[in-house]
Amino acid sequence: MELVLTLEQIDSDNRENVGGKSFALATMVKNGMKVPEALCLTVEAYHRYLETTGLGARILMEFNRKDFAEVRWEEIWDAALRIRNLFTNTPMPSDLRTSLQSVLESKLSGESVVVRSSAPGEDSLHASFAGLHESYVNVQGVDAILEHIRLVWASLWSDRALLYRQELGLDVEKSSMAVVVQRLISGDRSGVAFGKNPNAPHQAVIESVYGLNQGLVDGSIEPDRWLLDRQSGKIISHFPADRVKEVVAGPNSTRVQTLSAAQQAHPPLSEDEVSRVFRLALQAEEVFGSPQDVEWTFVGDDLYVLQSRPITSVRAEQEQDSRAWYFTLRRSFENLRRLRSRVEDELIPEMEMEAKAFAQRDLSTLADSDLARELASRQQAHDRWKDIYWSEFIPLAHGIRLFGQVYNDAVRPSDPYEFMDLLGATEMVSLERNRRLENMAAMIRGDANLSHRLRNLHYPEPDHPFSVALEDFIDKFGDLSCSEELCTQGGDAIVRLLLEMASRPAAEERFRSGDIEALVENFFSRFEGEKRKDMEELLDLGRASYRLRDDDNIYFGMIQNQLRLALEESKARLAHRGNVQVDGLDPMEVINALNDLDYVPKRVTVTQADEINFEVRPRQLVGQPASPGVVRASARVIDSPSNLFEFKAGEILVCDAVDPNMTFVVPLAAGIVERRGGMLIHGAIIAREYGLPCVTGVPNAASLIHTGDELTVDGYLGIVVKHS
Amino acid sequence: MAEINGSGSRRETLLSEEAELEDLIRELFESQKLAVLGTQNQGQPYANLVAFAPSDDLKSLYFVTARATRKYANIEADARVTVLIDNRSNQDSDFSQAAAVTATGTAQEVVNSERDAVLSIYLAKHPMLKDFVQSPSCALLQIEVETYYLVRRFQNVMELHVK
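As the structure is a prediction and not an experimental result, all values here were calculated from the model.

Undergrad: Outline the overall build of chain A, supporting the account with residue identities and numerical values.
TA: Along its length, chain A carries 26 helices and 21 strands. When burial is assessed residue by residue, chain A has 43% of its 724 residues classed as buried. Restricting to contacts in chain A with at least 6 residues of sequence separation, those with at least 24 account for 68%.

Here it is, written out as structure tokens:
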């Protein structure tokens, strides 16, 4: 099988070996259309790389750590990050390199090129992968081309691509990728043409921008747009853009520049040129037998076609599943910056105010029907913020990933998560809370008299520094860490926790400011001038995303607590009636019962399983390595907030999902195990802050492990061993 | 993201886990004909292949051996044995996709009253061994399993203890 083919060498026999994009280019060349010169690296080259380097087996191991259905998207994101690092850190084997090198040098020597994906199945009528994989514009020199080929291969394993394939029911393990290396045509005007408008079948649509197509395709530059009658080719209407900028080839990549006054005043295409582009789209339609989505560019008067693919009704399909959401997983810097200011300046303050307003209402004085209304309104607020959480807070976390990707590309660290250390050097609310707890614990540690009095529940007088600190803490964080015990026992639960903290030396946050500065400087040193300024901004955005990733939950936790308080008050009243079983009732049922004395709530019944032959005991559970280190200690399973106050120094925190409202016990912990997976979840973030071994994404962790079990947490390998 | 409703109860999770693991072991046993048997004599471990068959409840594993063999002598000296059954295919993908079950337990000869029933289970799986098992020089052995250790996905290990 050939590793590299020119467009002229491609025919229908090797269609699967070259992928949809290359095949379309070859078809256009055969039909006399003007296509920039290109080479195609076949699927065979990709497989050769995976086999010779052993990368194929390592990718398989990444994906078989657990059942794909149990993998959360954040874990897929982590796996994608690790896989991308494998590609960037694994050079091409020398024989493959030599054979590619000689062809590239003989065919495209000295040219600037575009390196694009051409995955089999891509650009078919049934599955549009448009924009799913990476393209790199203006790559120069054989070394750089070979490097970018690896990045395009890696994009087959981006979280976006993985989730998309999963949604389409395609087997991720069987996916493969060919790559097109195409001479870069530095067009002065570029655009796309839809031979048939998906929304109005009798029309065609042409969009155009000055400069390269990239800005139009990624949505950063608004195009002029023309609607044409498909039959007559006449222009029906023209929607001029607010023309400001264009994308042009810059050193080793592309850059954005401001248009001249003359360009700003005139559309990129004359009416004649619009007609030429339309005829090009029709020609492509004739060649391929169905209406096409064509990318083209003008160099002076020469019109080139860059690629062509069938128009799919992808928009309608996307509305029916999550694929559209997966596309939001790639956010531009600009977009994230706007999102950040909305979250920081509007949403978080609003959420905090709403929670405070709830907290001011005294539930015990409400009549049943008013309580029902209050419960409903808290449920509503909870659901609304939960939606916002998904639509705005989680996408903001992509600031972390954007930074991570840029960092990994620039620095190529052996630890793909090194960038997290740069982001972590930032202030989080949960750390501030923990610091205050530690300060109070230090007061107890240094004052035997105080310690003795507190053990006997004799609180010092109100103006004692400890009392002041405790009062102040409850004021600021009492609502955050509100568990049933805390609410009913006031400060007692906190004091018990403080006594426990005081019984062992202070836990230290990883103070690494010197190291961090060196890492930051090393990162910045890879960039110059403007680029370096951009990187400073990107780091700032990354840090804000990282901080908010934790803080948003703290504030959302306040809303959740208010809902829970109302639910508990309501259930207590129903239980008082005597005829209602309140365990496991959902809030809707509680509301109905509050409003109607005779209402019999529906309960979920639990089925009994068959007789069993064996007693199952986990021995070694596999998750994701989330913070390095190994520790062997006793487990403390947290399945309700009240367990938190039983936490003993040196235990391993095991839970379903660590939320930041629980992380005040982390300074006491020796390690963390969590069912939820991912590097960016709170358990992992806080574990890294305190330098604790952490394994996340362990299925059924909180069910399979019991309090008191002797565990080894291996944060290097991502495994948890239960000793018998 | 914090979740108000936790996942299913602990008991339910364990019950469904048990059923799932039992199914996995059953499937693995159906797919394989041979097992590695580990015995020992005076501290010297010894491993060899045997054609095995499981009982319906998975609590026993059966195999047949000639009495003149080293494994038979070893079992006479120490009845504690181990068995390994796996589905590896000698490919890179084994590291992620192969499963292996180790059983530990005690071996003894099947007594006359049960011999016919066990033989029919055994021969259903290994019809080609009909002559072998009926040879007077062969013994039909039962391993009473105490614990299964199931390894999947390279490092995931679960134990199943016979109740």
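Undergrad: So what about the packing of helix α5 (residues 94-108) of chain A against helix α6 (residues 142-154) of chain A? Which residues, and what values?
TA: All names here are of chain A. Between α5 and α6, the shortest axis-to-axis distance is 10 Å and the interhelical angle comes to 120 degrees. Between α5 and α6, the crossing angle belongs to the class labelled oblique. Crossing handedness for the pair α5 and α6: right-handed. For the pair formed by α5 and α6, the contact residues are Arg97, Leu100, Gln101, Leu104 and Glu105 on the first element and Val142, Ile145 and Leu146 on the second. A per-class count over the contact of α5 with α6 returns five nonpolar, one polar and two charged.

Undergrad: Please provide a residue-by-residue account of the nonpolar core, values included.
TA: Residues and elements named next belong to chain A. One finds Leu498, Leu653, Val654, Val665, Val673 and Ile705 to be the most contacted residues of the largest nonpolar core, which totals 99 residues. The dominant element in this core, judged by the number of residues it contributes, is helix α23 (residues 529-577), at 14 residues. Both domains that meet at this core, namely domain 3 (333-425 + 512-595) and domain 4 (620-723), each give it at least three residues. Residue contacts for Leu498: discarding those within four places in its chain leaves Leu437, Met440, Ala441 and Ile444. Counting 86 residues, the second-largest nonpolar core is a separate cluster that includes Leu3, Ile10, Phe23 and Val180.

Undergrad: An account of the sheet that holds strand β3 (residues 112-118) of chain A is requested, with residue identities and associated values reported.
TA: Residues and elements named next belong to chain A. Strand order in the open sheet made by the five strands is β1-β2-β5-β3-β4, with antiparallel pairing throughout. Of all the strands in the sheet, just β1 (4-6) and β4 (135-140) have a single pairing partner and so form its edges. When strand polarity is set aside, the average angle formed by the axes of neighbouring strands in this sheet is 25 degrees. Summarising the sheet, β3 and β4 pair through five bridges and their orientation is antiparallel. Across the sheet, Ser112 pairs through a bridge with Gln140, a residue of β4. Where α6 meets the sheet, it contacts β2 (38-41), β3, β4 and β5 (178-183), and its direction lies at approximately 20 degrees from that of β3.

Undergrad: Tell me about the environment of A:Ile685, and please be specific about residues and values.
TA: Position of A:Ile685 relative to the elements: it lies in helix α25 (residues 682-690). Its 28 C-beta neighbours within 10 Å are what place A:Ile685 among the buried residues.

Undergrad: Go over helix α14 (residues 368-396) of chain A, please, and point to the residues and values.
TA: When the terminal C-alpha atoms of α14(A) are compared, their 40 Å separation across 29 residues agrees well with the 42 Å that a helix rising 1.5 Å per residue should span. Restricting attention to buried positions, one finds in α14(A) the residues A:Leu371, A:Ala372, A:Glu374, A:Leu375, A:Arg378, A:Trp385, A:Phe393 and A:Leu396.

Undergrad: Before we move on, could you go through the confidence of the model for chain B and cite the residues and values that matter?
TA: Low pLDDT means the predicted atomic positions in that stretch should not be read closely. Residue and element names in this part refer to chain B. For chain B, mean pLDDT is 89; residues scoring 70 or higher make up 91% of the total. When the elements of chain B are averaged for pLDDT, helix α1 (residues 10-31) gives the smallest value, 82, and strand β4 (residues 80-86) the largest, 98. In the predicted structure, residues 1-8 sits below a pLDDT of 50 and forms 16 contacts with residues beyond four places in sequence or in another chain. Scoring of the predicted complex yields 0.69 for pTM and 0.81 for ipTM.

Undergrad: Summarise helix α15 (residues 398-411) of chain A; cite the residues concerned and give the values.
TA: Residues and elements named next belong to chain A. Taking 1.5 Å per residue, 14 residues should reach 20 Å; α15 reaches 19 Å between its end C-alpha atoms and fits that length. With 10 of its 14 residues buried, α15 lies for the most part within the structure. Considered for burial, the residues of α15 that qualify are His398, Gly399, Ile400, Arg401, Leu402, Phe403, Gly404, Val406, Tyr407 and Asn408.

Undergrad: Provide a residue-level description of the pairing of β4(B), including the pertinent values.
TA: Residue and element names in this part refer to chain B. Burial of β4 is one-sided: the residues Val81, Val83 and Ile85 facing one way are buried, the residues Arg80, Thr82, Leu84 and Asp86 facing the other way are not. Sheet analysis places strand β1 (residues 34-41) next to β4, joined by three bridges and oriented antiparallel. Counted as the bridge partner of Val36 is Leu84 from β4. In the sheet, β4 pairs with strand β5 (residues 100-109) via seven bridges, with the strands oriented antiparallel. Bridge assignment links Leu84 to a residue of β5, and that residue is Thr102.

Undergrad: Could you give an account of the interface of chain B and chain A, with specific residues and numbers?
TA: The interface of chain B with chain A comprises 35 residues on the first partner and 33 residues on the second. Secondary structure elements with two or more residues in the side of chain B that touches chain A: α1, α3 (94-97) and β7 (156-162) of chain B. Here the side of chain B that touches chain A is composed, by residue class, of 15 nonpolar, nine polar and 11 charged. Sheet analysis places strand β14 (residues 614-622) of chain A next to β7(B), joined by six bridges and oriented antiparallel. Pairing of A:Glu615 across the sheet is with B:His161, part of β7(B).

Undergrad: Let's hear about the environment of A:Ser220: which residues, and what values?
TA: Along the chain, the position of A:Ser220 falls in the loop between α8 (214-217) and β8 (224-229). In this structure A:Ser220 comes out as partly exposed when scored by C-beta crowding, with 16 C-beta atoms within 10 Å.

Undergrad: Got a sec to walk through the environment of A:Ser12? Specific residues and values, please.
TA: Residue and element names in this part refer to chain A. Along the chain, Ser12 turns up in the loop between β1 and α1 (15-30). In this structure Ser12 comes out as exposed when scored by C-beta crowding, with 9 C-beta atoms within 10 Å. Linking Ser12 and Thr27, residues 15 residues apart in sequence, is a C-alpha distance of 9.3 Å.

Undergrad: Report on unusual backbone geometry, specifying residues and quantitative values.
TA: Look at A:Asn138: it is not a glycine, yet its phi comes out positive at around 65 degrees. As for its placement among the helices and strands, A:Asn138 is situated in strand β4. Exposure remark for A:Asn138: the 21 C-beta atoms within 10 Å place this residue in the buried category. Unusually for a residue other than glycine, B:Leu58 sits at a positive phi of about 65 degrees. With respect to the helices and strands, B:Leu58 occurs in the loop between β2 (44-54) and β3 (60-66).

Rules behind the numbers
Residues numbered from 1 in each chain as written. Chains lettered and ligands numbered in written order. Predicted model: local features only at pLDDT ≥ 70, side-chain atom pairs only at ≥ 80, totals over all residues. Helix = DSSP H or I, 4+ residues; strand = E, 2+ residues; numbered from the N terminus. Buried ≥ 20, exposed ≤ 12 C-beta atoms within 10 Å, placed from the backbone. Contact = placed C-beta atoms within 7 Å. Axes fitted to C-alpha atoms, helices over the stretch in contact; angles between N-to-C directions. Parallel < 35°, antiparallel > 145°, perpendicular 65-115°, else oblique. Left-handed = near helix turned anticlockwise from the far one by under 90°. Nonpolar A, V, L, I, M, F, W, Y, C, P; charged D, E, K, R; others polar. Core = buried A, V, L, I, M, F, W, Y, C linked by C-beta atoms within 7 Å. Domains from an automatic or database assignment. Pairing = 2+ DSSP bridges. Expected span 1.5 Å × (residues − 1). pLDDT = per-residue confidence, 0-100.

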